[in-house]
Amino acid sequence: MADFFHQNLSYFLSGISVGGQYALIAIGYTMVYGILRLINFAHGDVFMCAGLMMVYFSSSLPFAISIPAVLLLTLLLGFVIERVAYKPLRSAPRMSVMISAIGVSYLLQNAALYFTGGLAKVYPEIPFLSRSVQIWGATTRVVTLVTPVLTVVLVVLLTLLIKHTKIGMAMRAVSRDFETSQLMGIKINRVISMTFMLGSILAAVASLLYFTNYASVTPTSGAMPGLKAFVAAVFGGIGSIPGAVIGAFIIGICENIIKGGASIFGIPGSGWTTFSDAFTFAFLIIVLIVRPTGLFGEKSVDKV
Amino acid sequence: MDREKRNHYIRLFSAIAAVYIIITILEFTLRPTSIVFTVLRKGAIYSLVAVSMNLLNGFTGLFSLGQAGFMLLGAYTYAIFTMPVSVKQSERVYRYYECIVPFDTGVFIGLIAAGLVAAFFAFLIGLPVLRLKSDYLAIATLGFAEIIRAIFQWDVLGPLTNGANLLREFKDLSRITIPFTDIPFPPTLFVFIVVGICVLLIVLLINSSYGRAFKAIRDDETAAEAMGINLFRHKELSFVISSFFAGVSGALLAMFQYTVQAQQFRTVLTYEILLIVVIGGIGSISGSCIASFLYIALSEWWLRGLDMGTFLGIEAPDLFRSGFRRLVFSVIIMVIVLFFSRGIMGDKELSYERFKSGVRRLMPGRRSR
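Residue positions are counted from 1 within each chain, in the order its sequence is given. Just so you know, chain letters begin at A and ligand numbers begin at 1, following the order they were written in. Note on the predicted model: pLDDT of at least 70 is required for a residue's local features to be given, and 80 or more for side-chain atom pairs to be given and counted; whole-chain, interface and lining totals, by contrast, use all residues.

### Some details on the overall build of chain A
Within chain A, the regular secondary structure consists of 13 helices and 4 strands. Relative to its length of 304 residues, chain A is compact, with a C-alpha radius of gyration of 19 Å against a globular reference of 19 Å. The C-alpha extent of chain A, read off along each of the three principal axes, is 60 × 50 × 35 Å. Between the buried cut of 20 or more and the exposed cut of 12 or fewer other C-beta atoms within 10 Å of a residue's own C-beta lies the partly exposed class, and all C-beta atoms are placed from the backbone. Here chain A holds 304 residues, and the buried ones make up 50% of them. Under the scheme used here, helices are H or I runs from DSSP no shorter than 4 residues and strands are E runs no shorter than 2 residues, and both carry numbers assigned from the N terminus. We take the radius of gyration over the C-alpha atoms and set the globule estimate at 2.2 Å times the residue count to the 0.38 power.

### Here's the deal with unusual backbone geometry
Residues and elements named next belong to chain B. In this structure, Glu 169 takes a positive phi of about 65° despite not being glycine. Position of Glu 169 among the secondary structure elements: in the loop between strand E1 (167-168) and helix H8 (187-206). In this structure Glu 169 comes out as partly exposed when scored by C-beta crowding, with 18 C-beta atoms within 10 Å. Here Tyr 258, not a glycine, exhibits a phi torsion of approximately 70°, which is positive. Along the chain, Tyr 258 turns up in the loop between helix H11 (231-257) and strand E2 (259-260). Judged by local crowding, Tyr 258 falls into the partly exposed class, with 15 C-beta atoms found within 10 Å.

### Here we look at the confidence of the model for chain B
Residues with a pLDDT of 70 or more make up 93% of chain B, whose mean pLDDT is 84. pLDDT gives the predictor's per-residue confidence on a scale running from 0 to 100. Least confident of the elements in chain B is helix H17 (residues 364-367) of chain B, whose mean pLDDT is 50; most confident is H11(B), at 93.

### Some thoughts on the environment of A:Ile246
All names here are of chain A. Position of Ile 246 among the secondary structure elements: in helix H11 (residues 241-259). The exposure class of Ile 246 is buried, given the 20 C-beta atoms found within 10 Å. Taking the C-alpha atoms as reference points, Ile 246 and Gly 236, separated by 10 residues in sequence, lie 6.6 Å from one another. C-beta atoms are first placed from the backbone for all residues, and any pair lying within 7 Å is then listed as a contact. Those residues in contact with Ile 246 that lie beyond four places of it in its chain are Gly 236 and Leu 295.

### Brief notes about helix H4 (residues 63-86) of chain A
Between the first and last C-alpha of H4(A) there are 33 Å, a value that for 24 residues agrees with the 34 Å anticipated at 1.5 Å per step. The secondary structure elements touched by the buried residues of H4(A) are helix H3 (43-58), helix H5 (94-116) and helix H9 (188-214) of chain A together with helix H15 (324-339) of chain B. Each residue after the first adds 1.5 Å to the expected span of a helix.

### A short note on the interface of chain B and chain A
Listed per partner, the contact involves 38 residues of chain B and 37 residues of chain A. Counting residues per element, the ones that place at least two in the side of chain B that touches chain A are helix H5 (107-129), helix H6 (134-152), helix H12 (267-280) and H15 of chain B. Looking at the side of chain B that touches chain A, the element that brings in the most residues is H6(B), giving 12 residues. Residue polarity is assigned by list, with Asp, Glu, Lys and Arg as charged and Ala, Val, Leu, Ile, Met, Phe, Trp, Tyr, Cys and Pro as nonpolar; anything else, Gly included, falls into the polar class. Taken together, the residues of the side of chain B that touches chain A sort by class into 25 nonpolar, 9 polar and 4 charged.

This is the structure in C-alpha cells:
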C-alpha cells in the first residue's frame, strides 16, 4: 500500500494542488450563485484574463509590483463586468442574465484572442513558486505544496469575513432573501459588487498558482478550469463555501487519479487524459440526478 | 378558409418559391467559388440549428446548451455512413485504425441516420437530465456535449471515429448527384431544400397541439401540469425533436466543410448559436433564420476587412489585424443582449402585414396625407 502511494505520489500531489486551485475559482461561482442565482459563465474567463495580465505585466515590471497589480486589476474587471453586464438586467428574467454572462464570456475570449494574436503566451516563472522540490522521491514544484495551504488560509479568512463583518452579514442576508434584505435597508448593489470583487480576486490568486504549473496561457484556457470549478460548486451544494472547497478537492484528486490511469489501474492507453475531462461532467450529471442540491446545499421548494 | 387567410398563404408560398428560384438562378450564373454561396449555405445550416435550439429555448422554455454535442453526433454519423467502403478500407482516411463499418449508404439515409442517432442520444440523456430545473439543465447539457466530444476523440473508438483525426472523402456537397443520374446536384439548392423541409416540419409542430402544449410549459410549468399536460413527456419530445434537427444540421455542416473533426464542436459553437437565437428574438422562427444569415454574412463577408487591414477604405493594419472582427462582433452582441434584448423579431413572426406597417412607419409622409 505504502509502495503504491510512493509510486503514484506525483498524481496525488498534483490532484491536491489542482483541487486547491479549483476551490479558489469555485468560491467565485458559488458566492455569485448564492446571491444572484446566476451561473457566471464569464468567471473562468476572468481567471484567464488574470493569467494574461500577469504575462504582460511581468515582462516589464518586477514581481513585487506586477502581482499586486494583477490582483487589483482582476478585482476591477470583476466589478466592471457586474456593473456593465449584469446590473442593467437585475429585473429581467433569469435567462437573460445568463445569456448576458455567456456574451461576456464570448467577449473576453475574443478580446484575448485579438490581443494575443491566438498564440499561447508563456507564463513567467515566479521565482519562489516555480522552484523544484523533492518529496519522498517525487519531484514537484513549490507551488504544489503552497496551493493547498494558501487555499485553506484564504477560505478561513473569507469565512471569518462572512461570519463576523457587517458586509459579510449583509451577504448572508441577501443570499437568504433578496427582496426582504432590500426592504431592511441593505444596499444590494454594494453587496453584489463586493461579492464579484471577492470572487475575482480569488480567481486571480488561483490563476497565479494554476498557470505556474501549466506554463502557458491561451484565450480558451479559462474555459475548462472554469467549468470544472463550477461542477465542484454544484457538487458541494451551490451557495455553500465549504461545500465548494471540498467538492473542488475531490474533483481535482479524482481527475488526476484518472489521468494517471495507466499506472494506477494498470490499464495502458493514451485516452486517460481525455477521459479525466469527461469524468468531471459525467460526475456532474450523476450528482445532479442523485442529489441535485449537492453535499451541503439547502433544499428549495417551488411555490406557486 | 376566409380571404384574409388565403391571401396570407398565397403570399407565403410565393415568397418561398421566389427564394428557391433566386437560389437556382444564382447557382447557374455566379462563380461556384463565390462568397455568396458560402454565406447562403452556412447561413442556411445555422438557421436550421438555430431554429431547433429555438424550439427548445424559445417555445418549450428549456434552457439547453447541448446543441454542439448533437451536431457532432450528426456530423460523425453522416460521415461514417456515407464514406464509400473503398475509402474506409484504404489508408487515406483511417490511417492508424482498421475501420469496422462494412457498409456505406446514400446521402438521404445518411442525413436521416444523423438525425436519428442524435435523437436517440437525446432520448437517453433526456431521461435523467430533463427533470432538472433551468440553469442546472443548462450546465448538465453543456457537460453532456463535452463528454461526447471527449469520447469521440478517445483512441479506443478509433476504428469507428478515427480517433482525434479528421474524417473526409464522404459524400460532401461536391459529391452529391440528382437521384438515379450522375448529374451533380446544385449544392446550395440542396442545402436550402433540406433546411427548408426541416424548418417547415418544425413550424408545423409548433402550430400543432403539441406546440401549444410546449408553449404552455414555457409560460408556466405548474399551470400546464394542472391543465393535464404530461410535463416530462412533452419536454422529452421537444428535446428529442430538437436534437434530431441539430443532428441533421451537423450532417449538413459536415457536407459543407468537407471534413469532420470532434475538436471543432466546442462549447463556443453552442454559444454562437444561442447568441444567434437571441439576436433573432427568442421564440421567433423567422427571427432565427434572419439572424443566422445576418450573422454569417457579417462574420464571413461584410466584416472580413476588419481582419485584413482595410475596412470601409480605412487602412490600419495595426488595429485591423486578425481577431479584430470577432472582437467587434462580440461587442455588438453584448449591446444587443443588454439594450435590445427582444432581438430583431421579439417573439413575433415575419409577415406581410408586419412588413407593410414597418415600411409605413419608416415613411411617415404617406400616412399623414
